[in-house]
Amino acid sequence: MPFGMEGKFCKLPWLPPRLTEASAAPGRRDAPSDNAWLWRRLIIAGGLPLVTSLLLVGAATAGLLLVGRFFQANLVTIVYLIPVMLAATWWGTWPAVAAAIAGAAAADFFFYPPYYSFRLDDTQAAIDLLLFLLVALVSGDLASRLRRETETLRHREDELQYLYGFSRRLAACHTVSDLVEAIQDYLSESLGRHTAFFIPAPVTASQSTVANGAPAFIQNQAAAMMKPDAEPSRIIRDETGKSLWLLRNVVSAETVYGVIAVDIGGEPDAAVDERTGRVEAILLEASQTLQRLDIGGAMEEASHRLKDQLLRDAFHGNLSHELRSPLAAIKGSASVLETIASIRDENQALPLVSTITGEAERLDSFIGNLLHAMRVSASDVRPHLSCADPRDIVNAALHRRSRQLAAHEVTSGFDRDLPMVDVDSALVEEACGQLLDNAAKYSPAGSTISVAVKAASGYVNISISDRGAGITGEERAQLGQRSFRGERHRDVVPGAGLGLWIASTFISANHGSIEIMSEGLGCGTTASIILPEAIIDEDTGPNDE
Amino acid sequence: MSKPTNLVLLIDDEPKIRRFIRAGFELHGGFTVQEAEDAAEGLQAATFNAPDLIILDLALPDRRGNEVLDLVRSWSNVPIIILSVEANEEEKVRLLEAGADDYVVKPFGIAELIARSHAALRRYFKTANENPVVVAGPLSIDLVNRTVLLNNNQIKLTRKQYRLLHVLATHLGLVVTHDQLLDDIWSTSVRKNIQYLRILVRDLRQIIEPDPNRPRLLVTESGVGYRLQSKIEDITLS
C-alpha cells in the first residue's frame, strides 16, 4: 500500500513547499540519479521564471514600439512596471529584480534619446530611469513579500485542514488496528516513503495485527525501541541489506505510544544521507503531532469503546432476546395455569403459580433495567417530547408496578386543574416506576406509599412518599450515583443501585429534576419529580363547542 | 363469540410460547390454533387455511414480522395481533398504521392476549353484521342515533367528544393511534396537534369515568394512543 505513494507528488503539511517537492523527489526511482534530477529541478525552478520575466519585458517593449514613440517618455516607465509586478507576484524577488533592470535598460535603449543607445544626454531622463528602478525594486519586493505571506497562509491552512482530517479520522477509529492503519497511511502519504507504525506488544496481542510490510528484522528492532529511555531514533539496514530504515519512537514522559519505521531505501550515498536528514526532521515533527493528538488516549479509548460496544450489542441484540424469550414462556405458561379451574381451586398450587409469574416479571424488569442503564451509560437517551397528561403517566407507572406495590397501601391524589406536560411519557413513566420501586423496597410491607401530583406555578410536581427507612445526610450526598446503595440495606434489600440513577437521567432528559427529601432515619422518604408545564397555545385551542 | 370456533394462526418461532398460547386459546373462548414456526410457513397457512385471526411474532428467523404483516395486508383484512419483545412506541405506531389490529408486549399473560383477540374478532365480524349499540362497561353508545347512555342515563357530549367516543367505540377494546384520532376528529390543518387531543380526552373522562383521575374505561396507551375498554374488569388483568 505505501509503495503506491511513489512518484506521486505528495503533500507535506509541516514543511515549506520547496522542501516538500524535494522530499518527494527521491521517490522517483526512474530518474537517472538523484543529483541530476535535483539539478534539473533547480534549473526549472530558478531559470524558467527568470527567462519568462525577461520575455515579459520584451513583450512590453514590443508593445510600446508598436504604439510608437508618440508615447510620452515618462509614461514608458509605467508600462515597464507591469512585468515587474507580474514577475514579483508569480515568482518572487529575483525575477522581479531582473525584470526591473531589464525594463530600465530597454527604456533607456529604445525610448530615451539618443535612441538605440544606452547613453543618456538628459539629466531629467537619468533621474526618470533611476526613479523607475527604485519604484520597481521596492514594489517588486513588496509584491513578492505579499505573495510569500499568502503562500504561507494557504500552506498553514492546508496543514490545519490536513491535521483536522487526520484527527477526525483518528477519532472515528473504533479499533486499535484502525488507528495504526490511519497513522501508517498518514505518514506514508506525508513522507512519500513506505512507513510502518508499531505499537507496544500488549495491545497488539489481543488485536489483529495490521499488515505494514516491514521485514521481521525491522519489527524486532522496533520492538526493542519500545522503552521510554531507548534512543529516540536509529538508522538500521534491513537483513537483505537493500534498504535503510529510519526508526523513531513516539514517547511522552512515561509511556511509549509506538515506533515509526520509514524505509529510506537505496545505497548510503550523499542523496540518501540528505534524504535521511530530511525524513528525520519530518519524523520529529510527526511524532510531536501524534503526541499532540494524544494517540495514547485515542488507542485506549478505541479498545474500551470496542469492548463496551461488543458487550452492549451482545446484550441489546441476542442476549436480551435470549433471556426474555424464556421469561415470556414462563410467565405465559403460568398465566395459563392460573386460568385452569382445578388449579384455581387448589390452595397450595395457586400461590406457587403466582410466585412463578411474579419472579418471571421481576427478572424481566431487571433485564429492562439493565437495558435502561446501558442506554444511559451510552448517552443514548433521546426523548421524543410530546404533550402528555401527568395523570396518565402516573397511573401507567402505578399499574405497571402493581405487583411490586402489592404489599403496600398505595394512595394517589391529583390536583384538580393539572396542566399538561411536554415530555417523553415512556421515560417519565419509567422514572416514576423506579421511584415507586425504591419506595416499596425501602419501606416495610403494609405501610403506606402516597403519590401526589400537584401543580405549582409553571411546574408539575409528582411526589412519592414512603414511611420507610429514610435517608441520612451522608447517603443523600451519594444518591443518584450509578450503583450507589446505602450500607444499611446492602445485605437486606435486593437491587443493583441503578434505579435512581436511571430515573434522574431520564428526568433530566425531559428538562425536569428529581428531589429527594427525608426527615432522617426511619422517617420515610419523599422523592419528587418536577417537570415544566407544557405551553398550550390558547389562541387556537381545541375549539370544541 | 357467536361463531362456534375461530381458527387462529399463530406464527412464532419459540415452541414454548406457541405451546402456552395454544393451551390458553383452546382452554378458553373456543379457538382452534394452527401453529407456524416461521414466516414462510405462516404465509402459506394464511393463504390456504383462511384463519379468522393471526397472531404474529415480530422476530422470526426467516423474515421480519412487519414484512409478513405487509404481505398479509396486501390481500386480506384478517385481524392481526403482533407479539413483540419491547417494541418502542414509534414501532408500535408504525405497526398499527401498517394495519395491525393491536399488539401485546412479551412477557404477557394469556388473558391479555385473549382479550385483545376477542376485541379484534368482534371488530372484524362487526362490519358484516352491524350492531349499532356498543357497550363498554357502564357506557352504551348508539352509533346510529348518536346517543350515549351512562348507567342508563343519557349524557350530553359536545360534537368532538362524541366523535372521539365514536371512533374508540368502533374499535372497542383495541388501541387507536393518536394520528388516527386526530385525523378523524379535526380537520387536516390542525390534526398534528396532540395537545387538543389530550385536552379533549381529559374533558371526556370528566364526564364518563367514575373516577376521572384513575380512568378505567378510556385508557391511555403511552406514546401510542387510546383504548376504550369493553369491560371495567379488563384492566386488572396481569
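See the structure printed just above.
This write-up is about the structure you can find in this document. Please read these numbers as outputs of a predicted model, since none were measured by experiment.

1. A look at the overall build of chain B
And then number 1: Along the backbone of chain B there are eight helices and twelve strands.
And then number 2: In chain B, which comprises 238 residues, the share counted as buried stands at 43%.
And then number 3: Long-range contacts, defined as pairs at least 24 residues apart, comprise 58% of the intrachain contacts of chain B with a sequence gap of at least 6.

2. Quick word on the interface of chain A and chain B
Buried accessible area, meaning the area lost when the parts come together, often serves as the stated size of an interface.
And then number 1: The interface is formed by 34 residues belonging to chain A together with 34 residues belonging to chain B.
And then number 2: Listing elements by their share of the side of chain A that touches chain B, those giving two or more residues are α10 (295–339), α12 (349–377), β5 (386–388), α13 (390–400) and α14 (425–441) of chain A.
And then number 3: Among the elements that make up the side of chain A that touches chain B, the one with the highest residue count is α10(A) (twelve residues).
And then number 4: Of the residues contributing to the side of chain A that touches chain B, the split by class is 14 nonpolar, ten polar and ten charged.

3. Focus on the packing of α13(A) against α14(A)
Residues and elements named next belong to chain A.
And then number 1: α14 packs onto α13 with a crossing angle of 50 degrees between their chain directions and a minimal axis gap of 9 Å. With respect to each other, α13 and α14 are oriented oblique. The handedness of the crossing between α13 and α14 comes out as right-handed. From α13, I393, V394, A396, A397, L398 and R400 reach across to α14, where they touch S425, V428, E429, C432, G433 and L436.
And then number 2: Tallied by class, the residues present in the contact of α13 with α14 amount to eight nonpolar, two polar and two charged.

4. Describing the environment of L27(B)
And then number 1: Structurally, L27(B) can be placed in helix α1 (residues 15–27).
And then number 2: For L27(B), a count of 15 C-beta atoms within 10 Å translates into the label partly exposed.
And then number 3: Not counting chain neighbours up to four residues away, the residues in contact with L27(B) comprise T339(A) and I340(A).

5. Structural notes on the pairing of strand β4 (residues 80–85) of chain B
Residues and elements named next belong to chain B.
And then number 1: Judged from the four bridges that link them, strand β3 (residues 53–57) and β4 form a sheet pairing that is parallel. Each bridged residue has a counterpart across the sheet, and for I54 the counterpart in β4 is I80.
And then number 2: Handedness of the crossover joining β3 and β4 through helix α3 (residues 65–73) is recorded here as right-handed.

6. Concerning the packing of α12(A) against helix α16 (residues 499–509) of chain A
Residues and elements named next belong to chain A.
And then number 1: Taken N-terminus to C-terminus, the directions of α12 and α16 make an angle of 50 degrees; their axes are 10 Å apart at the nearest point. In this view, α12 runs oblique relative to α16, as classed from their interaxial angle. Judged by the twist between their axes, the crossing of α12 over α16 is left-handed. Residue-level inspection shows N369, H372, A373 and V376 of α12 in contact with α16, the latter providing W501, I502 and T505.

7. Focus: the sheet that holds strand β2 (residues 31–36) of chain B
The pairing of strands in a sheet happens through backbone hydrogen bonds and is either parallel or antiparallel.
All names here are of chain B.
And then number 1: Strand order in the open sheet formed by five strands is β2-β1-β3-β4-β5, with parallel pairing between adjacent strands. Each of the sheet's edge strands pairs with one partner strand only, and the pair in question is β2 and β5 (102–106). Put simply, the sheet's adjacent strands are angled 20 degrees from each other on average, direction ignored.
And then number 2: Pairing analysis gives four bridges linking strand β1 (residues 6–11) to β3, with the strands arranged parallel. Residue pairing for β3: I11 is matched across the bridge by L56.
And then number 3: Against the sheet, helix α2 (residues 39–48) makes contact with β1, β2 and β3, and its axis sits at roughly 160 degrees relative to β1, the strand it touches most.

8. Describing the environment of S76(B)
Residue and element names in this part refer to chain B.
And then number 1: If you trace the backbone, S76 turns up in the loop between α3 and β4.
And then number 2: The class of S76 is partly exposed, set by 15 C-beta atoms lying within 10 Å.
And then number 3: S76 sits 30 residues away from A46 along the chain, and the two C-alpha atoms are 9.2 Å apart.

9. A few points about the sheet that holds strand β3 (residues 244–251) of chain A
All names here are of chain A.
And then number 1: Read from one edge of the open sheet, four strands run β1-β4-β3-β2, paired in antiparallel fashion. Unpaired on one side and paired on the other, β1 (195–198) and β2 (233–237) mark the two borders of the sheet. The average undirected angle you get between the axes of adjacent strands in this sheet is 20 degrees.
And then number 2: Relative to strand β4 (residues 256–263), β3 runs antiparallel, the two sharing seven bridges. Counterpart to N249 in the pairing with β4 is V259.
And then number 3: Against the sheet, helix α6 (residues 176–191) touches β1 and β4, its axis set at about 150 degrees to β1.

Definitions and cut-offs
- Residues numbered from 1 in each chain as written.
- Chains lettered and ligands numbered in written order.
- Predicted model: local features only at pLDDT ≥ 70, side-chain atom pairs only at ≥ 80, totals over all residues.
- Helix = DSSP H or I, 4+ residues; strand = E, 2+ residues; numbered from the N terminus.
- Buried ≥ 20, exposed ≤ 12 C-beta atoms within 10 Å, placed from the backbone.
- Contact = placed C-beta atoms within 7 Å.
- Nonpolar A, V, L, I, M, F, W, Y, C, P; charged D, E, K, R; others polar.
- Axes fitted to C-alpha atoms, helices over the stretch in contact; angles between N-to-C directions.
- Parallel < 35°, antiparallel > 145°, perpendicular 65-115°, else oblique.
- Left-handed = near helix turned anticlockwise from the far one by under 90°.
- Pairing = 2+ DSSP bridges.
- Right-handed = clockwise from strand over helix to strand, strands pointing away.

This is a description of form; function is not addressed.
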